[in-house]
Amino acid sequence: MTRTPSILIIGAGFGGLGMALELQRAGIESFAIVEKAADLGGVWRENTYPGAACDVPSPLYSWSFEPKSDWPRRYSEQADIHAYIRKVAEKYGLLRKIRFGTEVTDAEFDERQGIWQVRTSDGATLTADVLVPAVGQLSRPALPNIPGIETFAGPSFHSAEWDHGVDLTGKRVACIGTGASAIQYIPEIQPAAGHLTLFQRSAAWVLPRFDTRYSATHHALFKHFPPSRLAERFAIWGVFELLSLALTDLPAIRKPVIALADRHRTQQVPDPVLREKLTPDYQAGCKRGLFSNDYFPALAQPNVTVETTDIEAITPTGIRTADGTEHEADVIIYGTGFKGTEILSPINIYGIGGRKLSDEWSPEGARAYLGMSVPGFPNLFMMYGPNTNLGAGSIIYMLESQARYIRQAVHYLSTRPGRFISARPATEQSWDDWLQKRLKDTPWNFCSSWYRNASGRITNNWPAATAIYRWKTRRFHPTDYDESTAPTPPPDPHPRHDATPHPPTR
Ligand code: NAP
């Protein structure tokens, strides 16, 4: 007997939609997506700051089965990526599968019936056989813990919550943070600002960005001669695999990459005092390497100050640094990143015996077999879970590996109605041992970043080439999982091949 499980996906970004596309392409329709916002797109909906773009070229940063031959440029801007996601979702009829404006607050595994009971902020309860959280690692902006932050009298906002109503023309703008987001908006806002002060705690490793605007000839070639498009995708993938290996297995590759970054800085920052400030004092690769051709030139403009003294406090009129200087500002912009290590937070997830996932992961931090399955949390498979983020490369490639794997798990469960599975503790432990052994020698250990939590554990990054992850997830092995039977599986009033998980009950 077979019965396709019902699947509830949380999140309609690249992860959740990628899972849905994989299921649908395999002929599985018994899924629904819940999305807390009113639109799809995840980080590509949220991050609308000036200059928002992807620093992974689009031929690779796109679904392999939905290539687009007419990207305007190699490094796409946010609006183009968001439009691409929407177009693909529409093409596959996914919009009718998404319940927008629905935030999941709790998910509890009911082991008697072998189903997930999922509560939402509007008071509804959804049920499903399989739960696939796809909430990303960068969906919760982090504001810094600086004394007086609430006292600032002018407008202030986080890069992921850009206030487009604030006109920066002629204003004294204070920017905190020098990560992948800041490096994109600083060159955009610098020309309009009266004065821009960049508060830099750590200098970034910056590489040149080999961007190009695709011409009509490119578009025609990519469309009518697909091998050309595939060749570009493959070449980009190869470069990022090499960068991944530089971070992990082949540290010798770091040397030429560091030389390229050093040369880029020397060429772009002629002033030795400024160049000294912009020279990182930590291992290359420890924080995310950045790609930009206009960041350094923007910082060299006369209306910019790079301030490297620590921030002591935020005051009603600006920022006070540890040397006692008051830096007056009209606007403060926080490019201070995300709560990346708090994976799945703030959703409360309860597994077998009412165990809470955040307690299981405390205090060391998040971990999961293949980044997807946690012992004692049956039929739960995470997209973009622990240790599946990349120091270099396209996360969509990783998400596709996960979606294929989870689709196989769903197939397996369809042959086992009423049964549920979660990673065997020993399997998960040996997976984690392998990860930790590899993580030990990566540069990520030698500075603080959103890849590491307070306990020092690297909870986010994948310590190998993406091809290795694809290989390890290529096949679902039931022997890696504990399997149980629900004593009283729920009656099945709704045909499981129908669209949605069981309808909401109150
Ligand atoms: P981030 O990389 O975490 O950078 C946060 C910045 O804020 C860092 O420079 C950090 O300094 C600084 N900061 C935090 N608290 C501070 C404080 N109290 N005082 C002074 N400075 C403080 O955040 P992000 O730039 O938003 O990027 C996050 C991730 O999003 C990236 O790593 C990347 O994965 C993703 N992203 C990707 C793209 C893309 O093009 N694909 C674009 C944007 C973002 P320290 O370094 O000293 O901690």
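Everything quoted here is computed from the prediction, not taken from an experiment. Along every chain, residues carry numbers that run from 1 in the direction the sequence is written. Confidence filtering applies because this is a predicted model: local features only for residues at pLDDT of at least 70, side-chain atom pairs given and counted only at 80 or more, and all residues used for totals across whole chains, interfaces and linings. Working from all heavy atoms in the structure, the side-chain values ignore hydrogens and water.

Asker: What am I meant to see in the overall build of the protein here?
Answerer: Where helices and strands are cited, they refer to DSSP runs of H or I of at least four residues and of E of at least two residues respectively, numbered from the N terminus. Looking only at helices and strands, one finds 13 helices and 21 strands in the protein. Here the protein has a C-alpha radius of gyration of 24 Å; the compact-globule value for 506 residues is 23 Å, and the two agree. Looking at the 506 residues of the protein, the share that counts as buried comes to 55%. Put simply, of all contacts in the protein between residues at least 6 apart along the chain, 74% involve residues at least 24 apart. When the accessible surface of the protein is split by element, carbon and sulfur atoms take 54% of a total near 20,900 Å². Computed over 53 positive and 53 negative side-chain charges, the separation of the two mean positions in the protein equals 7 Å. Values of the radius of gyration come from C-alpha atoms, whereas the globule rule sets the reference at 2.2 Å times the count of residues to the power 0.38. Classification of residues uses two cut-offs on accessible area relative to the type maximum, computed with a 1.4 Å probe and protein chains only: under 20% is buried, over 50% is exposed, and between them is partly exposed. Here, residues are in contact when the closest pair of their heavy atoms is within 4.5 Å. Only the protein chains shown count as cover for residues, with accessible areas throughout obtained via the Shrake-Rupley method and a probe of 1.4 Å. When charges are counted, Lys and Arg contribute as positive and Asp and Glu as negative, whereas His and the chain ends are disregarded. The atoms used to mark charge sites are NZ of Lys, CZ of Arg, CG of Asp and CD of Glu.

Asker: Where do I start with the state of the cysteines in this structure?
Answerer: Chemically, a disulfide is nothing more than a covalent bond linking the sulfur atoms of two cysteines. Pairs of cysteine sulfur atoms within 2.5 Å are identified as disulfides in what follows. Summed over all chains, the structure comprises 1 disulfide. Each sulfur in the disulfide pair C286 and C447 lies 1.9 Å from the other. Since a negative S-S torsion denotes a left-handed disulfide, the C286-C447 link at about -105 degrees is left-handed. With a gap of 161 residues between them, C286 in the loop between α8 (272-277) and β12 (290-291) and C447 in the loop between α12 (425-439) and α13 (466-472) connect regions that are remote in the sequence. Pair check on accessibility: C286 and C447 agree, each one buried.

Asker: Just checking my understanding: could you explain the site of the ligand for this structure?
Answerer: Neighbouring residues are identified by heavy atoms, a residue being near a molecule or strand if any of them is within 4 Å of it. In the region of the ligand, 23 residues are neighbours, and D55, T178, S181, S202 and W450 sit closest. Between an oxygen atom of the ligand and a main-chain N or O atom of A180, the distance comes to 2.9 Å. Each residue is assigned to one of three groups, with Ala, Val, Leu, Ile, Met, Phe, Trp, Tyr, Cys and Pro labelled nonpolar, Asp, Glu, Lys and Arg labelled charged, and all others, Gly among them, labelled polar. Partitioned by chemical class, the residues of the shell around the ligand number 10 nonpolar, 9 polar and 4 charged. Note that domain bounds follow an automatic or database assignment of domains. Counting contributing residues, the shell around the ligand receives three or more from each of domain 1 (7-140 + 340-499) and domain 2 (149-212 + 219-334). As used in this structure description, the phrase polar contact means that two N or O atoms lie within 3.5 Å; if the pair is within protein, one of them must be able to donate a hydrogen and the other to accept it, and residues adjacent in sequence are counted only when both atoms belong to side chains.

Asker: Just to check I follow, could you spell out helix α4 (residues 182-189) for this structure?
Answerer: Three- or four-residue spacings in an α-helix give side chains the same orientation, since the helix completes a turn every 3.6 residues. With 7 of its 8 residues buried, α4 lies for the most part within the structure. Regarding α4, the residues found buried are A182, I183, Q184, Y185, I186, P187 and I189.

Asker: Please clarify how the packing of aromatic side chains should be interpreted in this entry.
Answerer: Each aromatic ring pair is specified by the distance between its two centres and by the angle formed by the two planes. Stacked, edge-to-face and tilted labels apply to pairs of Phe, Tyr and Trp rings (six-membered ring for Trp) whose centres lie within 6.5 Å, assigned for plane angles under 30 degrees, over 60, and everything in between, in that order. This structure, assessed with the given rule, holds 28 aromatic pairs. Ring plane angle 50 degrees and centroid distance 5.0 Å describe the contact between W71 and Y84, whose orientation is recorded as tilted. Of this pair, W71 sits in the loop between α2 (43-46) and α3 (78-91) while Y84 sits in helix α3; the two residues are 13 residues apart in sequence, bridging distant segments of the chain. This pair shows no difference in class: W71 is buried, exactly as Y84 is. A network of ring pairs unites the aromatic residues Y369, F381, Y405, Y412, W431, W434, W462, Y469, F476 and Y481 as a single cluster. Consider the ring centre and the ring normal. A charge sits over the ring if Lys NZ or Arg CZ is within 6 Å of that centre and within 35 degrees of that normal. Its end group placed over the ring of F65, R25 keeps NZ or CZ at 3.8 Å from the ring centre.

Asker: How should I be thinking about the domain arrangement of the protein in this particular structure?
Answerer: Accessible area lost upon the coming together of the parts serves often as the stated size of an interface. Here the protein is partitioned into domain 1 (7-140 + 340-499) and domain 2 (149-212 + 219-334). A straight line from the C-alpha centre of domain 1 to that of domain 2 covers 29 Å. Between domain 1 and domain 2, the contact holds 44 residues from the first and 39 residues from the second. Here's the idea: put two parts together, see how much 1.4 Å probe accessible area each one loses, and the total over both is what we call buried area. For the pair domain 1 and domain 2, the summed buried area comes to about 3,800 Å², and 55% of that belongs to carbon and sulfur atoms. Any carboxyl oxygen of Asp or Glu that lies within 4 Å of a side-chain nitrogen of Lys or Arg is treated as forming a salt bridge with it. Here domain 1 and domain 2 share 4 salt bridges between them. A salt bridge links E232 to R74, with the shortest nitrogen-to-oxygen separation between them at 2.9 Å.

Asker: Is there a simple way to explain the sheet that holds strand β13 (residues 304-307) in this structure?
Answerer: In a beta sheet, neighbouring strands pair by backbone hydrogen bonds and run either parallel or antiparallel. Here 5 strands make up an open sheet; going across it, the order is β8-β17-β9-β10-β13 and the pairing parallel. What marks the edges here is a single partner per strand, and that holds for β8 (156-158) and β13. Each adjacent strand pair in this sheet contributes to an overall mean axis angle of 15 degrees, direction not counted. As paired elements, β8 and strand β17 (residues 331-334) share 3 bridges and run parallel to each other. Bridge assignment links S156 to a residue of β17, and that residue is I332. Only the contacting stretch of a helix is used when fitting its axis, a line to C-alpha atoms as for every element, and angles between N-to-C directions run 0 to 180 degrees. Strands in contact with α4 are β9 (172-176), β10 (195-199) and β17; relative to β9, the strand with the most contacts, it is inclined by about 170 degrees. Note on pairing: two strands pair once DSSP finds at least 2 bridges between them.

Asker: What is the right way to read the sheet that holds strand β14 (residues 311-315) from this model?
Answerer: Spatially, β14-β15-β16 is the arrangement adopted by the 3 strands of the open sheet, whose pairing is antiparallel. Edge strands, defined here as strands with exactly one partner in the open sheet, are β14 and β16 (326-328). For this sheet the average axis-to-axis angle between neighbouring strands, irrespective of direction, equals 25 degrees.

Asker: For this particular structure, what's the right way to read the environment of E111?
Answerer: Looking at the secondary structure, you find E111 in the loop between β4 (104-110) and β5 (115-120). With 36 residues separating them in the primary sequence, E111 and Y75 have C-alpha atoms 47 Å apart. Aside from chain neighbours lying at most four places away, what touches E111 is G351, I352, G353, F420, A486 and P487. One polar contact links the side chain of E111 to the main-chain amide nitrogen of G353, over a distance of 2.8 Å.

Asker: Help me understand the nonpolar core in this model?
Answerer: Note on soluble globular proteins: their nonpolar side chains tend to be buried together. Only buried Ala, Val, Leu, Ile, Met, Phe, Trp, Tyr and Cys residues count toward a nonpolar core, and they belong to the same one when joined by side-chain atoms within 4.5 Å. Grouped together as the largest cluster of nonpolar side chains are 77 residues, with contacts concentrated most on I7, I9, F14, L17, Y61, W63 and I85. If you tally residues by element for this core, the top one is helix α11 (residues 395-414), at 11 residues. Both of domain 1 (7-140 + 340-499) and domain 2 (149-212 + 219-334) provide at least three residues apiece to this core. When near neighbours in sequence (up to four residues on either side) are disregarded, Y61 contacts F14, W44, C54, V56, W71, I81, S394, I395 and I396.

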